[in-house]
Structure formats: structure tokens, C-alpha cells
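Residue-level structural notes
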Amino acid sequence: DVKVTQSSRYLVKRTGEKVFLECVQDMDHENMFWYRQDPGLGLRLIYFSYDVKMKEKGDIPEGYSVSREKKERFSLILESASTNQTSMYLCASSSDFPYEQYFGPGTRLTVT
Amino acid sequence: QQPVQSPQAVILREGEDAVINCSSSKALYSVHWYRQKHGEAPVFLMILLKGGEQKGHEKISASFNEKKQQSSLYLTASQLSYSGTYFCGTALEAGNNRKLIWGLGTSLAVNP
């Protein structure tokens with residue numbers, strides 16, 4: 001079975017802190033994604049990566065950056081956390097065609 | 001550009017049927033369906049491609065009307081385990097199938 005793991009299920013940080021969310025997949029997938037999920041807003045793509053060191057902005061990249069130094073690992077970085085970044089963060093990975101995405105369990109981040 | 005899902009919510013009794021629709025104003029290349037149970041990550045159900053190809057679980061059926069740019073997910077003889085939020089993700093081009101545009105979801109509750 002494909003496994004996508006995220007470093008924390010719950011995280012509480014203070015405003016202004018630098019926050020790292022880690023995601024690891026074990027299926028040698030080319031593509032990896034970071035989403036945030038808020039009630040009523042569905043899944044919003046923050047960034048995705050289609051290869052090591054390659055990344056593309058999603059719909060809401062402001063305030064976030066990403067890093068993919070190894071194929072299996074994709075990190076989301078909040079340079080200076082703000083309260084409006086309190087959310088559920090989901091990581092996903094997919095192979096090329098047909099691109100079905102496998103999701104991690106999510107990290108619920110609270111910024112106080 | 002975001003696909004529209006309907007209905008927004010549906011309540012069923014066990015054994016009843018339901019149809020969830022996903023409509024786009026743009027020509028679609030593929031439609032992906034996912035289910036998210038409460039407190040869990042989304043799980044892949046089905047992908048439908050322009051031209052009729054499908055890939056997914058045997059117990060789930062769906063259709064893709066290319067003329068209407070609409071996909072429908074058919075849940076027959078519903079079980080309690082079908083409860084959750086169903087999301088459709090759409091891709092507009094074959095060459096850009098990695099990045100999906102997500103609908104806001106349809107909440108399904110199946111009661112005994």
C-alpha cells in the first residue's frame with residue numbers, strides 16, 4: 001500500500017514563528033502536493049512539485065514556500081506564521097498517469 | 001473554473017441510492033472522485049477520462065458526459081460506510097493532469 005506520512009498530526013505555533021511541515025511518501029511518486037483545507041472552502045492547492053527541486057505555485061502560495069531535495073520528501077514552510085494560517089494541511093503524492101492522488105493523514109496547525 | 005458539485009448535502013437511509021454531480025464550464029480532460037470520511041484524509045475512488053476510459057473501484061460507478069462537461073457518481077444500495085464528503089477534481093488538459101481543480105464537496109450522510 002502507498003503510504004504518505006506527515007510529521008505531526010497536531011501542531012501549535014506562535015505568530016511569527018517559522019514552521020516546517022514534512023511529508024514523506026514511500027512509492028517513488030514523481031508528484032507531490034500541499035493543500036490546505038478549511039470548512040466550506042474545499043481543498044486549496046498551495047504548491048506542488050513534479051520532480052526533485054522542481055515546484056509550481058498553486059492557488060494560494062502567499063506566505064508559504066516549499067522544498068523538495070529528495071524525491072520522497074516534500075516540505076512546506078511558513079516563513080512567519082500568522083493566525084490566518086490556522087488550518088488543516090494535507091500532503092498528497094501521485095505517480096504519472098492516471099495521477100490518482102494519495103493523501104497523508106493531515107496536520108492540524110493552530111497559530112496563536 | 002472551479003467545478004460545481006450538486007447537491008451540497010444529502011441524507012440517505014441505508015439501502016437508498018444517490019447521485020452526486022460535478023459540472024464544469026470548461027471542457028474537461030478528466031474527472032477524479034475522492035471520498036473523505038470525517039477526521040480522515042481523502043481517498044481515491046474513480047477517475048474518468050475523456051474518451052471513456054475509467055479506472056477505479058469496482059463497487060463505485062460513475063459517468064462522464066463530455067457534451068455537458070459533467071460527471072456523475074452513482075452510489076447504489078448505500079451503506080453506513082458511504083458517509084463522508086465527496087470531492088470531484090477536474091483536469092482541463094491531458095498535459096496538465098497532475099494539478100486538479102477541486103469542487104467544494106458534497107456531504108453525504110447515511111443513516112440506519
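1. Here we look at the overall build of chain B
- Helix and strand content of chain B: zero helices and 11 strands.
- Rg of the C-alpha trace for chain B: 13 Å, near the compact-globule value of 13 Å for 112 residues, within the 12% margin.
- C-alpha atoms of chain B, sized along the principal axes, occupy 45 × 25 × 20 Å.
- Every one of the 112 residues in chain B was classed for burial, and the buried ones make up 45%.
- When contacts within chain B are restricted to residue pairs at least 6 apart in sequence, long-range pairs at least 24 apart make up 57% of them.
- For chain B, the computed accessible surface area is about 5,700 Å², with 48% contributed by carbon and sulfur atoms.
- Both charge centroids of chain B, one from 11 positive and one from 8 negative side chains, sit 7 Å from each other.

2. Notes on the state of the cysteines
- The tally for this structure, following the rule as stated, stands at two disulfides over all chains.
- In this model C23(A) forms its disulfide with C91(A); the gap between the sulfur atoms is 1.8 Å. For the disulfide bridge between C23(A) and C91(A), the dihedral angle about the S-S bond is near -75°, and by the sign convention the bridge is left-handed. Residue C23(A) is found in strand β3 (residues 19–25), and its partner C91(A) is found in strand β9 (residues 87–94); the two are separated by 68 residues along the sequence.
- Judged by relative accessible area, C23(A) falls into the buried class, the value being 0%.
- The exposure class assigned to C91(A) is buried, which follows from its relative accessible area of 0%.
- A sulfur-sulfur separation of 2.0 Å characterises the disulfide bridge that pairs C22(B) with C88(B). Because the sign of the S-S torsion sets the handedness, a value of about 75° for the bond joining C22(B) and C88(B) places this disulfide among the right-handed ones. Of this pair, C22(B) sits in strand β3 (residues 18–23) while C88(B) sits in strand β9 (residues 84–91), placing them 66 residues apart in sequence. Summarising the burial analysis for this pair, C22(B) and C88(B) share the class buried.

3. With respect to unusual backbone geometry
Residues and elements named next belong to chain B.
- Across the junction of S6 and P7, the peptide omega takes the value -10°, indicating a cis bond.
- Here P7 shows up in the loop between β1 (4–6) and β2 (9–13).
- Even without glycine at this site, A77 takes up a positive phi of about 50°.
- Relative to the elements of secondary structure, A77 occurs in the loop between β8 (70–75) and β9.
- Overall, the relative accessible area of 43% leaves A77 in the partly exposed class.

4. Description of the environment of S82(A)
Residues and elements named next belong to chain A.
- Note on placement: S82 falls in the loop between β8 (73–78) and β9.
- Taking relative accessible area as the criterion, S82 reaches 23% and is therefore assigned partly exposed.
- Non-local contacts of S82, meaning those with residues more than four positions away in its chain, are made with T15 and V111.
- A polar contact of 2.5 Å, which involves the side chain of S82, links it to the side chain of N84.

Cut-off values and rules
- Residues numbered from 1 in each chain as written.
- Chains lettered and ligands numbered in written order.
- Predicted model: local features only at pLDDT ≥ 70, side-chain atom pairs only at ≥ 80, totals over all residues.
- Heavy atoms only, no water.
- Helix = DSSP H or I, 4+ residues; strand = E, 2+ residues; numbered from the N terminus.
- Rg over C-alpha atoms; globule rule 2.2 N^0.38 Å.
- Buried < 20%, exposed > 50% of the residue type's maximum accessible area, 1.4 Å probe, protein only.
- Contact = heavy atoms within 4.5 Å.
- Areas by Shrake-Rupley, 256 points an atom, 1.4 Å probe, with all protein chains shown as cover.
- Lys, Arg positive; Asp, Glu negative; His and termini not counted.
- Charge placed at Lys NZ, Arg CZ, Asp CG, Glu CD.
- Disulfide = S-S within 2.5 Å.
- Polar contact = N/O pair within 3.5 Å; in protein donor to acceptor, adjacent residues only side chain to side chain.

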